[in-house]
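Each chain, letter by letter, is given below.
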Protein chains: 2
Amino acid sequence: LLSKQPVKTKEKITIYVGEVGPVWSYPETQLDCVVADPKKGSKMYGLKSYIEYQVAPNTTNRPVNHRYKHFDWLYERLLDKFGSAIPIPSLPDKQVTGRFEEDFIKMRMERLQGWMTRMCRHPVISNSEVFQLFLSFRDDKDWKMGKRKAEKDEMVGVMIFSAIEPEASDMDLIEVEQKCESFSRFTKSMDDGVKDLLNVGQEHWKRCTGPLPKEYQKIGKALQNLSAVFSSSGYEGEATLTDALTETGKTYEEIATLVAEQPRKDLHFLMEINNEYKGLLGCFPDTIGVHKAAIEKVKEGDKLVATSKITQQDKVTMAKRVSTMSYALQAEMNHFHSNRIYDYNRVMQLYLEQQVKLYEMIAERLRQALGRFTTM
Amino acid sequence: LLSKQPVKTKEKITIYVGEVGPVWSYPETQLDCVVADPKKGSKMYGLKSYIEYQVAPNTTNRPVNHRYKHFDWLYERLLDKFGSAIPIPSLPDKQVTGRFEEDFIKMRMERLQGWMTRMCRHPVISNSEVFQLFLSFRDDKDWKMGKRKAEKDEMVGVMIFSAIEPEASDMDLIEVEQKCESFSRFTKSMDDGVKDLLNVGQEHWKRCTGPLPKEYQKIGKALQNLSAVFSSSGYEGEATLTDALTETGKTYEEIATLVAEQPRKDLHFLMEINNEYKGLLGCFPDTIGVHKAAIEKVKEGDKLVATSKITQQDKVTMAKRVSTMSYALQAEMNHFHSNRIYDYNRVMQLYLEQQVKLYEMIAERLRQALGRFTTM
């Protein structure tokens, strides 16, 4: 497998050596697209209905329509073609029931958007013919022809490595192995960290939408109840106290609502990003597995040469190919790291901004309630 | 019982009719005292040890020392003497084990202080000979003589009503009954309201000191853990992110501590006041029971006169006595209401002030953490 002749291709993928090490070749302006405007469509005289999303790339400003199954088709193509070198995260789950419910459609759209954004950001994927087709086919005929061509693409699986050309000199097998090991360790421990955060986040979500607001409601009710009892005393001049108590009770009911609605405003995005990364990290073991298998093959090389299973020349080619794979892995890891830094920085800021707003709002509401009491 | 001759006394208790209705006669400067400085003392050559509290009234500025059992003695005297007319709240619980532990002593002192403050605030109690003795005896001899005298006091139980002199004309039996009923209803429903708030408060206390900070700690740990994973990436230039993540994680751990320590700063006082009121309200059924029994007796009056069990004159005396009791109950209810308004106003302000501080502090800490991230 390793020693097959490389397929000639126009789709050359260059790897530069930048400050951080091997990097993919990034376009000057980054591709981006907006997934929006889900509409119900139908086929076969209305017998089959489906949801179509509008996908608008920033390059053409001409939106195209796609159903979930088109996204799924694209995913399969990308996985076939790039899966050995680049982790291709899964699409949001297929769902059988409730496909036409508004919340589901909104959530799916949000996640398709997330997936598309991630694919657009990837220089190798976004530059590929199949991806470009998906975003900017002109008409049905164009789309169908492109589809047929993509499905016949032979540059898939490990073949993709033959399209990759590192700018730098070949790497030592030991170095290749070390890099591979360290990436494997990193992705494994990040996977653990992300899952841990997801568990904690889920638990927190439950508390924030369940027992905690219920308790604030109870406090609110207890205070309003006490206020009602006080009002019934018949004692003159306690209107200020009872009004203030009622107000405080209502404030705690408001706090209950604020707390319960908060996770959608902040935790939601933190969870989504971590879910995306969980999916992405889940692809790494396969990618790394391909590398490890290749390394093992090269290690066996001497034995294979001795038993005349391969020639000395084959062995050199194999070592060269493994070096290229390692450059690809490094480029991919560097891509992964820079995106990770960007994503976590952004989502943590969003999370903290919303958290600050929440606590400030609670403090403000309580201060208003406090102002209703008389100072004696 | 009702028609016994009143005992002559110097201890006349006058009831005025103020804006809110019948009121006790209040002193110009309110008696107050500070319970402080608990010290271990011993008797019988060190065989018996006890804790002595310093009680300093604002009238003499000469502190006296009292053990818990002296407070208990005072409580018994006040209950005997005034219990039929005035609810005398119980002292903080007796305790057999752990009497010399610091936390217990502090808590008991705080509660004795609360009890003394309430007693000082009561114009009838604070003006009584036995209470004055407790606060300002000159020496051991003085104390022992006063004790003996107080224990022999005959002006106890329902006799206290004979010392009470309302300034206003006698009340109609129907009105007496209505007042009694409405006070009974009010104290019952306030008792329910207070107990409800205590339950809710207890539940909230548990959450704030248990699962909630634990969850914040977990969030903090998960973020710090992720930061440690990120640091191990070997990727250059993510120190800002990892520092900010670590800082955010630590902030959530701090928030855990803030949340867990908060109940001692605010909920504690709200609970203490409500516990005091629960105790106080628990005394009302007895006090109101005495009134209801007296009303029943007067209702039976005609029958008793008819069967010559009492004279017509006796019946008039009884009606007069019940009217006096009703004035006393009204004065006491008005005293109760004005104290209740004061206490709840004060404790709610304290509670809300501390709550505002908590949420502001959390917002401030989170804002600091947010500031550690780079804006891109």
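Structure's up top.
So, here's what we can say about the structure. Note that the structure is predicted; figures quoted are calculated from it, not measured.

## Here's the deal with the packing of helix 7 (residues 211-231) of chain A against helix 10 (residues 312-371) of chain B
Helix-helix packing is described using two parameters, namely the angle between the two axes and the distance between the axes.
Here comes step 1: At a minimum axis distance of 13 Å, the contact between helix 7 of chain A and helix 10 of chain B shows a crossing angle of 160°. For the element pair helix 7 of chain A / helix 10 of chain B, the angle class is roughly antiparallel. Seen from above, helix 7 of chain A lies across helix 10 of chain B with left-handed handedness. Only Arg 340, Tyr 344, Met 348 and Tyr 359 of chain B of helix 10 of chain B make contact with helix 7 of chain A, whose side of the interface consists of Tyr 216, Leu 223, Leu 226 and Phe 230 of chain A.
Here comes step 2: Looking at the contact of helix 7 of chain A with helix 10 of chain B, its residues break down into seven nonpolar, no polar and one charged.

## Some thoughts on the pattern of salt bridges
Here comes step 1: Inspection of every chain in the model, using the stated rule, returns 50 salt bridges over all chains.
Here comes step 2: Where Arg 367 of chain A meets Glu 360 of chain B, a salt bridge forms, and the shortest distance between an N and an O atom there is 2.1 Å. Of the two residues, Arg 367 of chain A sits in helix 10 (residues 312-371) while Glu 360 of chain B sits in helix 10, which places them in two different chains.
Here comes step 3: Taking the relative accessible area as the measure of exposure, Arg 367 of chain A reaches 35% and is therefore partly exposed.
Here comes step 4: For Glu 360 of chain B, a relative accessible area of 34% gives the class partly exposed.
Here comes step 5: Of the charged contacts in the structure, one is a salt bridge between Lys 315 of chain B and Asp 302 of chain B, with a shortest N-O distance of 3.0 Å. Here Lys 315 of chain B is found in helix 10, whereas its partner Asp 302 of chain B is found in helix 9 (residues 267-306), with 13 residues between them in sequence.
Here comes step 6: Several salt bridges converge on common partners, so that one network encompasses Arg 118, Arg 121, Glu 276 and Asp 343 of chain A.

## Quick notes on the interface of chain A and chain B
Here comes step 1: Residue-level contacts link 61 residues of chain A with 60 residues of chain B.
Here comes step 2: Summing the contributions of chain A and of chain B, the shared interface buries around 6,000 Å²; its carbon and sulfur component is 70%.
Here comes step 3: When the buried surface of chain A facing chain B is broken down by residue, Glu 215, Tyr 235 and Tyr 359 of chain A rank first, second and third, together holding 12% of it.
Here comes step 4: Counting the contacts that link chain A with chain B gives eight salt bridges.
Here comes step 5: Its salt-bridge partner being Glu 215 of chain B, residue Arg 207 of chain A comes within 2.5 Å of it at the nearest N-O pair.
Here comes step 6: Across the chain A-chain B interface, the total number found is 18 residue pairs in polar contact (both at pLDDT 80 or more).
Here comes step 7: At the level of elements, helix 6 (173-209), helix 7, helix 8 (239-265) and helix 10 of chain A are the ones that each hand at least two residues to the side of chain A that touches chain B.
Here comes step 8: Here the side of chain A that touches chain B takes 23 residues from helix 10 of chain A, the largest share from any one element.
Here comes step 9: Tallied by class, residues from the side of chain A that touches chain B come to 34 nonpolar, 16 polar and 11 charged.

## Some remarks on a positive patch on the surface
All names here are of chain A.
Here comes step 1: Positive charge collects at one region of the surface, where Lys 43, Lys 48, Lys 69, Lys 144, Arg 148 and Lys 152 lie side by side.
Here comes step 2: Per-element tally for the positive patch: the top contributor is helix 5 (residues 140-152), with three residues.
Here comes step 3: Within the secondary structure layout, Lys 43 lies in strand 3 (residues 33-43).
Here comes step 4: Classification of Lys 43 as partly exposed rests on a relative accessible area of 38%.

## Structural notes on the pairing of strand 3 (residues 33-43) of chain B
Here comes step 1: Bridge count for strand 3 of chain B against strand 4 (residues 48-57) of chain B is nine bridges, and the pairing is antiparallel. Following the sheet pairing, Val 35 of chain B is matched in strand 4 of chain B by Val 55 of chain B.

## Side note on the relation of the copies chain A and chain B
Here comes step 1: Superposition of chain A onto chain B requires a rotation of 180° combined with a translation of 0.0 Å along the rotation axis, giving an RMSD of 0.1 Å. Such a turn and shift between the copies fits a two-fold axis. Every residue of chain A has its C-alpha some distance from the rotation axis, and the shortest such distance is that of Tyr 359 of chain A, at 2.7 Å.
Here comes step 2: Here 98% of the contact residues of chain A are again contact residues in chain B; the copies associate through an equivalent surface.

## Comments concerning the side chain of Asp 72 of chain B
All names here are of chain B.
Here comes step 1: Of note, Asp 72 is situated in helix 1 (residues 68-82).
Here comes step 2: In this structure Asp 72 comes out as buried when scored by relative accessible area, which is 17%.
Here comes step 3: Setting aside residues no more than four positions away along its own chain, Asp 72 makes contact with Leu 91 and Lys 94.

Reading the values: rules and limits
Residues numbered from 1 in each chain as written. Chains lettered and ligands numbered in written order. Predicted model: local features only at pLDDT ≥ 70, side-chain atom pairs only at ≥ 80, totals over all residues. Heavy atoms only, no water. Axes fitted to C-alpha atoms, helices over the stretch in contact; angles between N-to-C directions. Helix = DSSP H or I, 4+ residues; strand = E, 2+ residues; numbered from the N terminus. Parallel < 35°, antiparallel > 145°, perpendicular 65-115°, else oblique. Left-handed = near helix turned anticlockwise from the far one by under 90°. Contact = heavy atoms within 4.5 Å. Nonpolar A, V, L, I, M, F, W, Y, C, P; charged D, E, K, R; others polar. Salt bridge = Lys/Arg side-chain N within 4 Å of Asp/Glu carboxyl O. Buried < 20%, exposed > 50% of the residue type's maximum accessible area, 1.4 Å probe, protein only. Buried area = accessible area lost by both parts, 1.4 Å probe. Polar contact = N/O pair within 3.5 Å; in protein donor to acceptor, adjacent residues only side chain to side chain. Patch = residues over 30% accessible without salt bridge, like charges linked within 9 Å, V, L, I, M, F, W, Y side chains within 5 Å. Areas by Shrake-Rupley, 256 points an atom, 1.4 Å probe, with all protein chains shown as cover. Lys, Arg positive; Asp, Glu negative; His and termini not counted. Charge placed at Lys NZ, Arg CZ, Asp CG, Glu CD. Pairing = 2+ DSSP bridges. Least-squares fit on C-alpha atoms with pLDDT ≥ 70 in both.

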